[in-house]
Structure formats: C-alpha cells, structure tokens
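Coordinate inspection notes
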Amino acid sequence: IMYGCNNFCTYCIVPYVRGRERSRLPEDVLAEIRALVEEGYKDITLLGQNVNSYGKDLGLDMDFADLLEKIEAIPGDFLIRFMTSHPKDASQKLFEVMGKSRKIAPVFHLPVQAGNDRVLKAMNRVYTREEYLDKVRRLREQVPDIVLTSDIIVGFPGETEADFEESRAFLKKIGFLKVHVFPYSRRSGTPAYDFPGQIHERDKQERSRAMNAAAEAIRKEVLAGYEGMEDDVLLETPLSETLFTGYTRLYVPVVVSAPGHASGEIVRVRLGAY
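This structure is a prediction, so every number in the text was calculated from the model and none was measured. (Residues numbered from 1 in each chain as written. Predicted model: local features only at pLDDT ≥ 70, side-chain atom pairs only at ≥ 80, totals over all residues. Heavy atoms only, no water.)

1. Focus on the overall build of the protein chain
On a plain count of helices and strands, the protein chain comes out with eight helices and eleven strands. Relative to the 2.2 N^0.38 estimate, which gives 19 Å for 274 residues, the radius of gyration of the protein chain is 20 Å and therefore close to what a compact globule would have. By principal-axis analysis of the C-alpha atoms, the protein chain measures approximately 60 × 50 × 35 Å. Per-residue burial for the protein chain yields a buried fraction of 48% across its 274 residues. Pairs at least 24 residues apart make up 70% of the contacts formed inside the protein chain by residues separated by at least 6 positions. (Helix = DSSP H or I, 4+ residues; strand = E, 2+ residues; numbered from the N terminus. Rg over C-alpha atoms; globule rule 2.2 N^0.38 Å. Buried < 20%, exposed > 50% of the residue type's maximum accessible area, 1.4 Å probe, protein only. Contact = heavy atoms within 4.5 Å.)

Listed below in structure tokens is the structure:
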C-alpha cells in the first residue's frame, strides 16, 4: 500500500535506497482488494515499510485507520492483516478501529528493536521503552485478545551487557508471541556504520542465541495460554489427504486434521498443546 520510509533509523539503509514514503491511491488499493476477494482470497496482508504512515503524502485527509475502515466495508468473508508498523505512528485511532473491526486480525507486528532507552536513542527510534509500553497498554484496552509480535536487534554499537539484559527482560514484560532476533548488521552508508563501540561478531552471535532462547521460552508460555480455545484456521499446505498446515486468526501455527476439506477453506478448530 506504500513504499519508502521517512524514519532514518541509524542502522537502516532503506530510506537511502527506496526513497521517501509514497502511498498508493486509496481507490487503487481498494480496487485490488475487491478483485482479490472476488477471486476467493481469504487472507489479505497490507504491506509497507511503515503502514502507519499511510496517506500522509496524499493530501486526501485519509490515514491508515481510515483506509482500514474502507477495506472493512468491502463485502465478503476475508481477514485483513498488515505490516510493518513503527511504534511512533501507531495511533489511538488505529487501536479503536481495530477494536471495532470484525475483519482485522487481532495481530500487531510492532518492532521494538531494543528495550533500553539509551540504545533506542542511538538507533533514532524516537520513542522510549515507557512510551512503547503505553502504546501496548492502550492497544490491549481496545483489543483484549491482541497478539503482539516484534523485531529486536542485538549487538548494536555501544550495547553493554546490562543494556542487552534490559532488552531481554523487556521481551518477557510484553509477552510477544513471536520475536525476530537480528544481530546488528553494519551497513555502509548508514550513520551507525561509523559509531564507536562496534561489537565483536562473536559477541553479537552469542547475544543473538541468548535472545532467541528467551523469545522461544516466552512464545511457549503464550501458546500454552491458547490450549483448549477455539479459533478459525485458513487451511494452507496439505501434508496428506486429511492434514493441513495453517494459521489461526491469532497467528498461531497449527496442523489440522480436516477430512473432506481443501486448501483455502476456513475451519473452526480447538487448539491442542504446543
């Protein structure tokens, strides 16, 4: 739904190679989604480097929350997902639209990148950990069953062991279903390339393994809380004549026994143990 990025995080090359944010016209987005729904698609993802900034460049008095409401009004049985979001632009209006929606999946990918204020400032993320926590609190007020996923970078220049441990504890405080962990990658042409305190590759890999282990432990705790609940699953890859892989509305990966069904159908399941 949009291209480019205006944020200039100090580790990221995207604004330099993809340019500033450019939103597609809403009528083009809506026409494409109507066509997909008519063709039978059931799960549609809106993509952008920062979808929360959608519409700012169009001069049409339409933001991302407005676009979601228009998509919601399209007739049909389909699910709306979106990624990626920047925390600074995740608005109360967006949370409220999600809370009222019947079609937007209660899943929010909200990259935190670090759980330490000093590192966040060095990354030019322009929010603090407390501001991030406040966004999560307000989102959960509007969407009580919301599932949160995230990205985090370890080994950013100048990150101390104490900074790393603070970030690791932050993951548990939030309770993410899934966290993508990235060891800092030094990219020529970005400000962070020349930052002092570059972390040795060996230490970055060790921190990455430790953070992944922490994220997986949290994931298991979150998934355990879903055991016994019911949810809709879009059947995807067939494993046999009766078994399929798929994801629930809450983005829980499952294997489903669904005799007589086919890929692309939606079935109601009761979740078992992870």
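2. So, the environment of tyrosine 226
Tracing the chain through its elements places tyrosine 226 in the loop between α8 (201-224) and β8 (230-238). Residues tyrosine 226 and valine 252, spaced 26 residues apart in sequence, show a C-alpha to C-alpha distance of 8.9 Å. Each residue touching tyrosine 226, except ones within four places of it in the same chain, is listed here: Val147, Leu250, Val252 and Leu271.

3. Digging into the pattern of salt bridges
Tallied over the full model, the rule gives 22 salt bridges. The salt bridge partner of lysine 88 is aspartate 89, with a shortest N-O separation of 2.8 Å. Across the pair lysine 172 and glutamate 221 runs a salt bridge, and its minimum N-O distance is 3.2 Å. Residue lysine 172 is found in helix α7 (residues 161-174), and its partner glutamate 221 is found in helix α8; the two are separated by 49 residues along the sequence. Note on lysine 172: relative accessible area 52%, which makes it exposed. (Salt bridge = Lys/Arg side-chain N within 4 Å of Asp/Glu carboxyl O.)

4. Some details on the sheet that holds strand β7 (residues 178-183)
Taken together, three strands build an open sheet; the order of strands is β5-β6-β7 and the sheet is parallel. Of all strands in the sheet, those bounded by a partner on one side alone are β5 (107-109) and β7. Ignoring which end each strand starts from, the neighbouring axes of this sheet average 15 degrees apart. Pairing of strand β6 (residues 147-154) with β7 involves six bridges; the strand directions are parallel. In the strand pairing of β7, isoleucine 153 is matched with phenylalanine 182. (Pairing = 2+ DSSP bridges. Axes fitted to C-alpha atoms, helices over the stretch in contact; angles between N-to-C directions.)

5. Let's talk about the sheet that holds strand β9 (residues 243-248)
With antiparallel pairing, the four strands of this open sheet are ordered in space as β10-β9-β8-β11. The sheet is open, and its two borders are formed by β10 (253-257) and β11 (266-270), each paired with just one other strand. For this sheet the average axis-to-axis angle between neighbouring strands, irrespective of direction, equals 50 degrees. Bridge analysis of β9 against β10 gives five bridges, and the strand direction is antiparallel. The residue bridging threonine 245 from the neighbouring strand is valine 255, located in β10.

6. Examining the nonpolar core
In terms of nonpolar packing, the biggest core is built from 81 residues, with Phe64 and Phe108 touching the most fellow members. Beyond its immediate stretch of four places on either side in the chain, phenylalanine 64 contacts Ile1, Leu46, Val51, Asn52, Tyr54, Phe82 and Leu94. (Core = buried A, V, L, I, M, F, W, Y, C linked by side-chain atoms within 4.5 Å.)

7. Concerning a nonpolar patch on the surface
Taken together, Leu239, Leu243 and Val255 make up a surface patch of nonpolar side chains, about 260 Å² in accessible area. Tracing the sequence through the fold places leucine 239 in the loop between β8 and β9. (Patch = residues over 30% accessible without salt bridge, like charges linked within 9 Å, V, L, I, M, F, W, Y side chains within 5 Å. Areas by Shrake-Rupley, 256 points an atom, 1.4 Å probe, with all protein chains shown as cover.)

8. Observations concerning the layout of surface pockets
Its volume calculated, the largest pocket comes out at about 590 Å³. Forming the boundary of the largest pocket are 25 residues, of which Tyr11, Cys12, Gln49, Gln113 and Ile153 lie nearest the centre. At the level of elements, α1 (14-18), β6 and β7 are the ones that each hand at least two residues to the lining of the largest pocket. Considering only residue class, the lining of the largest pocket consists of 13 nonpolar, nine polar and three charged. (1 Å grid on protein atoms, 1.4 Å probe; cavity = no way out; pocket = protein on both sides within 12 Å on 5 of 7 lines; lining within 4 Å. Points joined across faces, edges and corners; volume = space filled by probe spheres on them. Nonpolar A, V, L, I, M, F, W, Y, C, P; charged D, E, K, R; others polar.)

Any functional reading would require information that these geometric values do not contain.
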